[in-house]
Amino acid sequence: MKKFTKLLLGSLVLFSLSGCTAGDMITSYTSTSDQSEATLQNTSETPKQRVYMDEIKGTLKDFTGATLTMENQEQTYVFDLSEATLECEDGMITGDEISVIYEGQLSNKDTSTVKALKVVDDFHKKNQLEVRKAYGEVQSLTSNTITIKNKKGKTATYPITGTEQYYQNGIRTGVWVYIHFKGKFASSQDTQSSSLNASHLKVLSISDIDPLTLPDPTPTPDPAQVSADDSAKEQQIHAEIQNISLNTLTVLPSGSDSTINVDLSQIPSYFKGGTAPGSYVTITCTGQFQGNSLDGVTVTAVTGDDPDSLGSREITSSVSGTIIGHTANTVTLQTGDGATITCFTEGAKDTSTSNMESGAGICITFDPTKSKNSNIYTSIKIQDA
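Keep in mind the model is a prediction, meaning the values are calculated, not measured.

## Here we look at the overall build of the chain
Item 1. The helix and strand tally for the chain stands at three helices and 25 strands.
Item 2. Classification of the 385 residues of the chain by burial places 41% in the buried group.
Item 3. Taking the contacts inside the chain whose residues are at least 6 apart along the sequence as the reference set, 64% of them involve residues at least 24 apart.
Item 4. Per element, the accessible surface of the chain, about 21,400 Å² overall, is 48% carbon and sulfur.

Okay, here's the thing in structure tokens:
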């Protein structure tokens, strides 16, 4: 009897040390517990319903804020993502290989029978997103978009919120620039169209030189060699960006209540964190700045603040627009200049009254340093527009 007791105790110890297998955990999560009839009769609890979970892999074709279109083996699937989380490293970029994890059983292409839980990068990607390059003539430029026409005459409007930009020779209509980006142009039914759909690409940089290389900083002149004439002395103006429309940058100088327009068409300008409203620039110039006008002032360069050197509380870049959709952890806006911008909402301070409802106008302060490689932006603060 003693031997039997020892043997029994030893078996229990070995079982406890062995732990549960992955199969055990999935079974415990997805299936009804195997309870005997006697146990069920003695309790008022109803048995757990079997939950079926699976995933489907494919290529991202389109994303509208709450709806995802993907292609798998020449079959097209459309998923409602309003209750799902987005967890793709590069964001929602057309041409990327992704997986949709869902609850329920998928019947052919009918996704109405399942609930999407999560969108993630395909673990077994066959093709990693590569950095590609476009070269074209500038047609327009705003805080969130740039439109260029390539040598074949096709135009494309690229999303550039928070994107690094350097124009060595100024920015204006007709300038040719290089755009480095990830993703593939969305397919179009009209193969003869003169435009390309670049709305869900991730633009990494824009410049009129390739590669983007900044010149060495100009050494500070010796005060003894500087002219006594104040008009010849170089000075700097710190100002908040209000807007940009092609070569015209509208800013509000620190300490002033009047905006001024800076012509960028002939001067070098560098924006490491993009040209989002709310962010700051330093305007280098000569002459006597009176605080509300550039009359008598010669601007020689414009440089945006470096977001990498700022803490999250100092980041002031913002994007405003109308909500067109949301998921469990993101919201997507349609901006006034035609861009579709998706932002993470988790961890952000939300004082808006929108309840993330479509049609509501909101303003999001975002951190450009956390979206260098993703087209989903990290929100710091959300408020009514």
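The discussion continues.
## Details of the sheet that holds strand β4 (residues 85–87)
Item 1. Here we have six strands laid out as an open sheet, ordered β3-β2-β1-β5-β6-β4, and mixed in their pairing. Lying at the two open borders of the sheet, with one neighbouring strand each, are β3 (75–80) and β4. When strand polarity is set aside, the average angle formed by the axes of neighbouring strands in this sheet is 40°.
Item 2. Bridge count between strand β2 (residues 67–72) and β3: six bridges; the pairing is antiparallel. The partner of Asn 72 across the bridge, within β3, is Gln 75.

## Brief notes about the nonpolar core
Item 1. Within the largest apolar cluster, 38 residues are counted, with the highest numbers of intra-cluster contacts made by Ile 146, Tyr 158, Ile 179, Leu 249, Val 262 and Val 302.
Item 2. With sequence-adjacent residues up to four places away left out, Val 302 is seen in contact with Leu 249, Val 262, Leu 264, Ile 267, Pro 268, Ser 269, Tyr 270, Phe 271, Val 281, Thr 282 and Ile 283.
Item 3. Of all hydrophobic cores here, the second largest spans 19 residues; its members include Met 70, Cys 88, Met 92 and Ala 116.

## With respect to the confidence of the model for the chain
Item 1. Looking at the chain as a whole, its pLDDT mean stands at 86, while 82% of the residues score no less than 70.
Item 2. This stretch, residues 1–40, has a pLDDT under 50; its non-local contacts, to residues over four places away or in other chains, come to ten contacts.

## Notes on the pattern of salt bridges
Item 1. Under the defined criterion, the tally for this structure stands at eight salt bridges.
Item 2. The closest approach of N and O atoms between Asp 210 and Lys 133, which form a salt bridge, is 2.8 Å. Highlighted residues: Asp 210 in the loop between β13 (202–207) and β14 (234–245) and Lys 133 in strand β7 (residues 131–141), separated in sequence by 77 residues.
Item 3. Residue classification places Asp 210 among the partly exposed positions, given a relative accessible area of 30%.
Item 4. Here the salt bridges do not stand alone but share partners, grouping Lys 272, Asp 306, Asp 308 and Lys 372 into one network.

## Remarks on the environment of Lys 182
Item 1. Examined against the element boundaries, Lys 182 turns out to sit in strand β11 (residues 176–182).
Item 2. Sequence separation of Lys 182 and Gly 95 is 87 residues, and the distance between their C-alpha atoms is 9.1 Å.
Item 3. Beyond its immediate sequence surroundings of up to four residues, Lys 182 is in contact with Asp 90, Ile 93, Leu 129, Glu 130, Val 131, Leu 201, Lys 202, Leu 204 and Asn 373.
Item 4. Within the structure, the side chain of Lys 182 is placed 2.8 Å from the side chain of Asp 90, a separation counted as a polar contact.

## Some details on the side chain of Asp 96
Item 1. Relative to the assigned elements, Asp 96 resides in the loop between β4 and β5 (97–104).
Item 2. Dropping the residues within four chain positions of it, Asp 96 is found in contact with Gly 58, Thr 59, Leu 60, Asp 90, Asp 121, Lys 125 and Leu 129.

## Focus on the pairing of strand β22 (residues 340–344)
Side chains on a regular strand alternate between the two faces of the sheet.
Item 1. Strand direction decides the pairing type here: strand β21 (residues 330–334) and β22, joined by five bridges, are antiparallel. Along β22, the bridge assignment pairs Gln 334 with Thr 340.
Item 2. In textbook terms, the turn of a hairpin is the stretch between consecutive antiparallel strands, and for β21 and β22 this stretch comprises five residues, one of which, Gly 338, has a positive phi near 95°.
Item 3. Strand direction decides the pairing type here: β22 and strand β25 (residues 376–384), joined by three bridges, are parallel. Its bridge partner being in β25, Thr 342 is matched across the sheet by Ile 376.

## Observations regarding the packing of aromatic side chains
The geometry of an aromatic ring pair is captured by the separation of the ring centres together with the interplanar angle, meaning the angle of the planes.
Item 1. By the definition in use, this model includes eight aromatic pairs.
Item 2. Seen in terms of ring centroids, Tyr 135 and Tyr 178 are 4.4 Å apart; in terms of plane orientation they differ by 25°. Their pairing is stacked. With Tyr 135 in strand β7 and Tyr 178 in strand β11, this pair connects stretches of sequence that are 43 residues apart.
Item 3. Note on Tyr 178: relative accessible area 22%, which makes it partly exposed.
Item 4. Ring geometry for Phe 181 against Phe 185: centres 5.7 Å apart, planes inclined by 55°, an arrangement best described as tilted.

## Overview of unusual backbone geometry
Item 1. Residue Pro 211 is bonded to the preceding Asp 210 through a cis peptide linkage, with omega at 0°.
Item 2. Within the fold, Pro 211 resides in the loop between β13 and β14.
Item 3. One non-glycine residue with positive phi stands out, namely Gln 73, at about 50°.
Item 4. Backbone geometry at Met 356 places phi at a positive 60°, although glycine is not the residue there.
Item 5. Here Met 356 shows up in the loop between β23 (349–350) and β24 (361–367).

## So, empty space enclosed by the protein
Item 1. Per the counting criterion, the structure on display carries one cavity of 30 Å³ or more.
Item 2. Space inside the largest cavity adds up to approximately 130 Å³.
Item 3. Secondary-structure elements contributing two or more residues to the lining of the largest cavity are β13, β22 and β25.
Item 4. Ranked by residues supplied to the lining of the largest cavity, first place goes to β22 with three residues.
Item 5. In the lining of the largest cavity, the residues fall into eight nonpolar, seven polar and one charged.

## Quick word on the side chain of Thr 85
Item 1. Along the chain, Thr 85 falls in strand β4.
Item 2. Residue classification places Thr 85 among the buried residues on the basis of a relative accessible area of 17%.
Item 3. A distance of 3.0 Å separates polar atoms of two side chains, one belonging to Thr 85 and the other to Glu 87.
Item 4. Those residues in contact with Thr 85, other than ones at most four positions away along the chain, are Leu 117, Lys 118, Val 119, Ala 328 and Asn 329.

About the criteria used
- Residues numbered from 1 in each chain as written.
- Predicted model: local features only at pLDDT ≥ 70, side-chain atom pairs only at ≥ 80, totals over all residues.
- Heavy atoms only, no water.
- Helix = DSSP H or I, 4+ residues; strand = E, 2+ residues; numbered from the N terminus.
- Buried < 20%, exposed > 50% of the residue type's maximum accessible area, 1.4 Å probe, protein only.
- Contact = heavy atoms within 4.5 Å.
- Areas by Shrake-Rupley, 256 points an atom, 1.4 Å probe, with all protein chains shown as cover.
- Pairing = 2+ DSSP bridges.
- Axes fitted to C-alpha atoms, helices over the stretch in contact; angles between N-to-C directions.
- Core = buried A, V, L, I, M, F, W, Y, C linked by side-chain atoms within 4.5 Å.
- pLDDT = per-residue confidence, 0-100.
- Salt bridge = Lys/Arg side-chain N within 4 Å of Asp/Glu carboxyl O.
- Polar contact = N/O pair within 3.5 Å; in protein donor to acceptor, adjacent residues only side chain to side chain.
- Phe/Tyr/Trp six-rings, centres within 6.5 Å; stacked < 30°, edge-to-face > 60°.
- 1 Å grid on protein atoms, 1.4 Å probe; cavity = no way out; pocket = protein on both sides within 12 Å on 5 of 7 lines; lining within 4 Å.
- Points joined across faces, edges and corners; volume = space filled by probe spheres on them.
- Nonpolar A, V, L, I, M, F, W, Y, C, P; charged D, E, K, R; others polar.

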